[in-house]
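# Overview (structure and organization)
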Amino acid sequence: MKKKTDKRTNGLMIALTIAAAALVLLLVIGGSLFRQNIWKRAAAYQVGEETYSVAEVEWYYYTAYYSIIGNASGYTEILGLDTDLNLSEQQCPLSEKGESWRDYLLGRALQKISDVSAKYQEAQSKGNVDEAVIQNNTESALEYWRMRASEAGYASLDQYLREVYGGIQEAGLRKVLEQEYTAQAYEEEYIAGFAPTEEELHSYFETHRKEFRTYSYLYGYIGTDKALAEEVCNASDEQEFRNMVHDLTGTECYELLDMTASELGNDESKDWEWLSDPDRQEGDTWCGQSGENYYVLWFLGSEDGEEDWDTYAQKGLQEEYLKDWNDALAEKYVSHERFWIRFVGK
């Protein structure tokens, strides 16, 4: 009886030893793979039949990130963005859904990928691709990126992309560039077929007359203190408003001049609703909220858009034309996130 028990005990110990060794091996291999960034080759997003790795998604993620930083011209604090902190722990005031900066940037990246990929795949299926032009454009773009890497002091383009754009390598960059240039050429070809009549333009303008007004106003980001934002909104004149924003934030107001409806958002936006109110008067103020942060607006005035009505109508109709097309492509080339999407961004 004792021998049987000893055998079972020995067998259990051997099994546990093997399991422990396998776990250690798995951890070692897994740690090595992560250190080598091999995991960044894993599929994170899919559009139709095309899949995109973690690194390829991060290319779009960091492109959006650097674009915002560049446009902020050194005033990222106005946007509540601290580039030294984890983006997933900072709320993004640009998001109407109260997202973190990480989630906001990822959303922009995935939208861009979905748009490019759907047009790329449609162009491929229709045979509307001038491969020579696409390759020439791609090679020119890669040469530009190699030059940027060299000027930044990196030994290779791969090293530059890995350290600045998250992990994509030259082969991956070539893929996304080829797709972008194909999508761009296909969209240009599609737009070339847009030719509205004078009657259609006039009808569109009359229907959307309110949207063709342009609006000018001042914008000041205040932060999480609602009382301070409301205090600024009680400013007696424009100069006092400007001074209060500067004193509270250390930066000047943003001057947003001649903004069209499409640039402001849509009729579901509270800002748009406030700005487009027919009773809105110069000097009116607005205290808005995005997530936990507050901002203030000072209304400067508006114009009816009559002078350039045909230009506005042409642009508006073209946007509708493209939107219908994009919506149809999105239905045809369905996109969805894969497991590894959770590792995109910082």
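Just so it is clear, the model here is predicted, and its values are computed rather than measured. Every chain begins its residue count from 1, and numbering advances along the sequence as written. pLDDT decides what is reported in this predicted model: residues at 70 or higher carry local features, side-chain atom pairs at 80 or more are listed and counted, and totals for whole chains, interfaces and linings draw on all residues regardless. Neither water nor hydrogens contribute to the side-chain values; these are computed over all heavy atoms in the structure.

## A short note on the overall build of the protein
Operational definition: Runs of H or I in DSSP of at least four residues are treated as helices and runs of E of at least two as strands, each being numbered from the N terminus. Summary of the burial criterion: residues with accessible area below 20% of their type's maximum are buried, those above 50% are exposed, and those between are partly exposed, where the area comes from a 1.4 Å probe applied to protein chains only. Every residue pair with non-hydrogen atoms within 4.5 Å of one another is taken to be in contact. Each accessible area is a Shrake-Rupley estimate made with a 1.4 Å probe; only the visible protein chains count as cover when residues are assessed.
Assigned secondary structure in the protein consists of 12 helices and 7 strands. Scored against the burial criterion, the 346 residues of the protein give a buried share of 38%. Contacts in the protein between residues at least 24 apart in sequence constitute 70% of all its contacts with a sequence separation of at least 6. Summing over all exposed atoms, the protein offers an accessible surface of approximately 19,900 Å²; the carbon and sulfur share of this is 49%.

## Remarks on the pattern of salt bridges
For clarity, the cut-off: Salt bridges are counted wherever a side-chain nitrogen of Lys or Arg sits within 4 Å of a carboxyl oxygen of Asp or Glu.
Counted according to the given criterion, the structure contains 18 salt bridges. Lys 126 is the partner of Glu 122 in a salt bridge, and the nearest nitrogen-oxygen pair spans 3.8 Å. Here Lys 126 and Glu 122 lie together in helix H3 (residues 101-126), a separation of 4 residues that amounts to about one turn. Glu 122 sits in the buried class, given a relative accessible area of 8%. A salt bridge links Glu 206 to Arg 209; the shortest N-O distance between them is 2.8 Å. Given a relative accessible area of 31%, Arg 209 falls into the partly exposed group.

## Topic: the pairing of strand E2 (residues 50-53)
Basically, it comes down to this: We treat two strands as partners when DSSP finds at least two bridges between them.
Across 4 bridges, the pairing between strand E1 (residues 43-47) and E2 is antiparallel. Within the sheet, the bridge partner assigned to Tyr 45 lies in E2 and is Tyr 52. Here E1 hands over to E2 after 2 residues, with Gly 48 in that stretch at a positive phi of 60°.

## Describing the sheet that holds strand E7 (residues 335-337)
Quick note on the threshold: Only the stretch in contact is used when fitting a helix axis, every axis being a line fitted to C-alpha atoms; angles between N-to-C directions are given from 0 to 180 degrees.
Strand order in the open sheet made by the 3 strands is E2-E1-E7, with antiparallel pairing throughout. Looking along the sheet, the strands with just one partner apiece sit at the ends: E2 and E7. Here the average twist between neighbouring strands, direction ignored, is 20°. Pairing of E1 with E7 involves 3 bridges; the strand directions are antiparallel. Looking at E7, one finds that Tyr 45 is bridged to Glu 337.

## Side note on the side chain of Ser 117
Mapped onto the elements of the fold, Ser 117 is located in helix H3. What makes Ser 117 buried here is its relative accessible area of 0%. Apart from residues lying up to four places away in sequence, Ser 117 is in contact with Val 47, Glu 50, Tyr 52 and Gln 179.

## Side note on the sheet that holds strand E4 (residues 254-259)
Strand order across the open sheet formed by 4 strands is E4-E3-E6-E5, with antiparallel pairing between neighbours. Two strands lie at the open edges of the sheet, namely E4 and strand E5 (285-290), each paired on one side alone. The mean inter-strand angle of the sheet, taken between neighbouring strand axes irrespective of direction, is 30°. For strand E3 (residues 214-223) and E4, the ladder comprises 4 bridges, and the chain directions are antiparallel. Of the residues in E4, the one forming a bridge with Leu 218 is Glu 255.

## Notes on the nonpolar core
Side chains of a nonpolar character, in soluble globular proteins, are inclined to be buried together. Rule in force here: Note on terminology: a nonpolar core comprises buried Ala, Val, Leu, Ile, Met, Phe, Trp, Tyr and Cys residues joined through side-chain atoms within 4.5 Å.
Judged by nonpolar contacts, the single largest core of 51 residues is most densely connected at Val 57, Trp 59, Trp 101, Leu 105 and Leu 173. Elements that contribute at least two residues to this core include exactly E1, helix H2 (54-72), H3, helix H4 (131-151), helix H5 (157-164), helix H6 (170-192) and helix H12 (309-332). Looking at this core, the element that brings in the most residues is H2, giving 11 residues. When residues no more than four places from it in sequence are discounted, the contact partners of Trp 59 are Trp 145, Leu 161, Tyr 165, Ile 168, Leu 173, Val 176 and Glu 180. One finds Tyr 219, Met 259, Ala 261 and Leu 264 within the second-largest nonpolar core, a separate group that totals 14 residues.

## A look at the environment of Asp 158
Along the chain, the position of Asp 158 falls in helix H5. Each C-alpha atom of the pair Asp 158 and Ile 168 lies 7.6 Å from the other, and the pair is 10 residues apart in sequence. Those residues within four positions of Asp 158 in sequence are excluded, and the remaining contacts are Ile 168, Gln 169 and Glu 170.

## Thoughts on the confidence of the model for the protein
Condition: Note: pLDDT gives the predictor's confidence per residue, expressed from 0 to 100.
With 87% of its residues at a pLDDT of 70 or more, the protein shows a mean pLDDT of 87. Scored below 50 in pLDDT, residues 20-36 shows 5 contacts in the model against residues more than four places distant or in partner chains.

## Focus on helix H7 (residues 198-207)
We apply this condition: The arc under discussion is defined with respect to the helix axis, by the directions toward the C-beta atoms.
Every buried residue of H7 is listed here: Leu 201, Tyr 204 and Phe 205. For H7, the buried positions fall inside an angular range of 100° around the axis, keeping them on one side. Exposed positions of H7 whose direction lies more than 90 degrees from the buried face are Glu 199 and Thr 207. The elements touched by buried residues of H7 are H12.

## Brief notes about unusual backbone geometry
Of note, Asp 258 is a non-glycine position whose phi angle comes to about 55°, a positive value. With respect to the secondary-structure elements, Asp 258 resides in strand E4. Judged by relative accessible area, which is 48%, Asp 258 ranks as partly exposed.

## Focus on the packing of aromatic side chains
Each aromatic ring pair is described using two quantities: the centre-to-centre distance and the angle formed by the ring planes. Where we set the bar: The rule is short: rings of Phe, Tyr and Trp, with Trp giving its six-membered ring, pair when the centres are within 6.5 Å, and they are stacked under 30 degrees, edge-to-face over 60, tilted in between. Look at NZ for Lys and CZ for Arg. If either is within 6 Å of the ring centre and within 35 degrees of the ring normal, a charge sits over the ring.
For the structure shown, the criterion picks out 29 aromatic pairs. Centre to centre, the rings of Tyr 215 and Trp 272 are 5.8 Å apart; their planes meet at 85°, and the pair counts as edge-to-face. A residue pair is termed long-range when its members are at least 10 positions apart, and Tyr 215 in strand E3 and Trp 272 in helix H11 (residues 270-275) qualify at 57 residues. Clustering of aromatic rings is evident, with ring pairs tying together Trp 59, Tyr 61, Tyr 62, Tyr 65, Tyr 66, Tyr 144, Trp 145, Tyr 154, Tyr 160 and Tyr 165. Across the ring face of Tyr 52, the terminal group of Lys 175 is positioned such that the distance to the ring centre comes to 4.6 Å.

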